[in-house]
Amino acid sequence: MKLRVWGSRGSLAAPGPETVRYGGNTSCVEVRLSDGTLVILDAGTGIRPLGISLGEVKGSTIHIFLSHLHLDHLQGLPFFGPLWDPDVDLHVWGPPSPTRTLEQNVARYLSPPLFPVHLEELPSKPIFHDARGDLGIGPALIRARPVSHQGPTVGFRIEDGGRSLAYLPDHEPALGIDLASVEPAWISGHSVAEGADVLFHDAQYTDQEYPSRIGWGHSSVTHAVDFARLCGVGELVMFHHDPLHTDDQLQGMRSQAVDLWGPDGEPPILAAEGMVMALGAAAPRAVDHA
C-alpha cells in the first residue's frame with residue numbers, strides 16, 4: 001500500500017500563512033492498493049487537488065470511502081474531477097443510516113439550493129454502497145465498523161499485502177469512560193485499530209481544550225495516544241487538525257504526544273498535506289512530506 005495525504009484539517013478548511021506546513025484542506029487520503037486500485041478516504045476539500053493530480057482517468061474504477069457525512073468530509077466531492085467523467089466507474093461507500101439511503105443523504109448536499117447540479121445529473125453516475133462489515137476491494141480487505149462520533153460514523157481498516165492501515169479521523173473513544181479502566185475490546189474503534197501498522201487518528205484538541213468540548217466527537221492529544229497504545233499500533237499519525245491551530249501549535253501538540261508515547265517504537269507524527277507513506281510487506285515504511 002502507498003498513501004498520500006491531500007487534506008488533514010478538521011471541521012473547516014483553514015488556508016493561510018499559519019497553516020502552510022501541515023495544510024489547510026479538510027480530510028482526504030489517497031490509498032493505492034498493491035495492484036494499483038485507487039481507494040480514497042473521505043472527500044473533504046483535499047479531494048479537489050487529488051482529482052486534478054489524477055489527470056486522464058477514463059475507464060478507471062475509483063472507490064471513495066466516507067467516514068461520515070459532516071461537510072468537512074464531503075464538501076470537496078462535487079469538485080472532484082472524475083465525478084464529471086462519464087467513463088469512470090465511481091463507487092461511493094459510507095455509513096448506513098436507519099432513515100435514508102446513502103445516496104439520499106449525499107443528494108441533500110449535491111442538489112439545489114446548496115449546489116447547482118443535482119446528484120442524479122452527474123455524468124459519472126456514481127454507485128452508492130453502505131459501508132458495513134468486511135469488504136473485498138481489489139487485493140484488500142476493508143473493515144468498516146461504527147465508532148463514537150455524532151451521527152452515523154464508521155472507521156476503516158485496510159489490510160493488503162500483510163500490512164494494515166486504520167483510519168479514524170473523527171473519534172471520541174474516551175467519551176464517558178476512563179480508557180485505562182475499560183477492557184480494550186469494549187472501547188470504540190478498538191476492532192478497527194488493534195495491531196494496525198499505522199493509525200490515522202483524530203487528535204483535534206489540546207488537553208486544555210478538551211474539557212469544554214466533551215461530546216463534540218473528537219479526541220485530545222492524551223486520549224489519542226492512550227487509544228493508540230491500548231490498540232498496540234505500530235505508529236500513530238495525528239489527524240483532523242483544528243482550524244484554529246497554527247503550525248507552531250501543532251508542533252507543540254506533537255511534542256506532547258512524543259513525550260506521552262515514550263521511548264519504544266516509532267514516535268507519533270503529524271499528518272501533513274503532501275505526506276507520503278509506503279507500507280510494504282518486506283520493505284520498511286518511508287515517509288516524505290512537503
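Since this is a predicted model, take the numbers as computed values, not measurements.

## Overview of the packing of aromatic side chains
Move 1: Throughout the structure, instances matching the rule amount to 6 aromatic pairs.
Move 2: Between the aromatic rings of Y167 and F239, the centroid separation amounts to 5.7 Å while the plane-to-plane angle is 65 degrees, which identifies the pairing as edge-to-face. In this pair, Y167 is assigned in strand β10 (residues 163-168) and F239 in strand β12 (residues 235-239), connecting sequence segments 72 residues apart.
Move 3: Assessed through its relative accessible area of 1%, Y167 is described here as buried.
Move 4: Judged by centre distance (5.6 Å) and plane angle (70 degrees), the rings of F200 and F239 are edge-to-face. Linking F200 in strand β11 (residues 198-202) with F239 in strand β12, this pair joins segments that are 39 residues apart in sequence. The same class applies to F200 as to F239, namely buried.

## Overview of the pattern of salt bridges
Move 1: Under the defined criterion, the tally for this structure stands at 9 salt bridges.
Move 2: D87 is paired through a salt bridge with K58; the nearest N and O atoms lie 3.5 Å apart. Here D87 is found in the loop between β4 (61-65) and β5 (89-94), whereas its partner K58 is found in the loop between α1 (47-54) and β4, with 29 residues between them in sequence.
Move 3: Measuring nitrogen to oxygen at the nearest pair gives 2.7 Å for the salt bridge that ties E159 to R157.
Move 4: Several salt bridges share partner residues, and in doing so they unite D134, R143, R145, R157 and E159 into one network.

## What to know about the environment of A140
Move 1: Position of A140 among the secondary structure elements: in strand β8 (residues 140-146).
Move 2: By relative accessible area, A140 is classed as buried at 5%.
Move 3: Look past the residues within four positions of A140 in its chain and what remains in contact with it is L33, L135, I158, E159 and D160.

## Concerning α1
Residues separated by three or four positions in an α-helix point in the same direction, a consequence of the helix having 3.6 residues per turn.
Move 1: For α1, every residue scored as buried is listed here: I47, L50, G51 and L54. Around the axis of α1, the buried residues are gathered within 100 degrees of arc, so they sit on the same side.
Move 2: Contacts made by the buried residues of α1 are with β1 (2-7), β2 (28-32), β3 (38-41) and β4.
Move 3: After α1 finishes, the residue G55 shows a positive phi value of roughly 65 degrees.

## A short note on helix α4 (residues 221-231)
Move 1: Taking burial as the measure, the 11 residues of α4 include 8 buried ones, the bulk of the element.
Move 2: Among all positions of α4, only V221, T222, H223, A224, V225, F227, A228 and C231 are buried.
Move 3: Here the buried face of α4 lies against β10, α3 (190-193), β11, β12 and α5 (247-261).
Move 4: Backbone geometry just after α4 places G232 at a positive phi near 65 degrees.

## What about the environment of N105?
Move 1: Among the structural elements, N105 can be located in helix α2 (residues 102-107).
Move 2: Classification of N105 by relative accessible area gives buried; the value is 15%.
Move 3: Along the chain, N105 and L165 lie 60 residues apart, while their C-alpha atoms are 27 Å from each other.
Move 4: Contact partners of N105, with chain neighbours within four places excluded, come to L69, S97 and R100.

## Observations concerning the pairing of β11
Working note: regular strand, side chains alternate between the two faces of the sheet.
Move 1: β11 sits mainly inside the fold: 5 of its 5 residues count as buried.
Move 2: By the alternation rule, side chains of β11 split into V198, F200 and D202 and L199 and H201, which are all buried.
Move 3: Examined bridge by bridge, β10 and β11 share 4 bridges and lie parallel to one another. Its bridge partner being in β11, L165 is matched across the sheet by V198.
Move 4: With 5 bridges joining them, β11 and β12 adopt parallel strand pairing. Note on β12: the bridge partner recorded for L199 is L236.
Move 5: Following the chain from β11 across α4 to the adjacent parallel β12, one finds a crossover that is right-handed.

About the thresholds
- Residues numbered from 1 in each chain as written.
- Predicted model: local features only at pLDDT ≥ 70, side-chain atom pairs only at ≥ 80, totals over all residues.
- Heavy atoms only, no water.
- Phe/Tyr/Trp six-rings, centres within 6.5 Å; stacked < 30°, edge-to-face > 60°.
- Helix = DSSP H or I, 4+ residues; strand = E, 2+ residues; numbered from the N terminus.
- Buried < 20%, exposed > 50% of the residue type's maximum accessible area, 1.4 Å probe, protein only.
- Salt bridge = Lys/Arg side-chain N within 4 Å of Asp/Glu carboxyl O.
- Contact = heavy atoms within 4.5 Å.
- Arc of directions from axis to C-beta.
- Pairing = 2+ DSSP bridges.
- Right-handed = clockwise from strand over helix to strand, strands pointing away.

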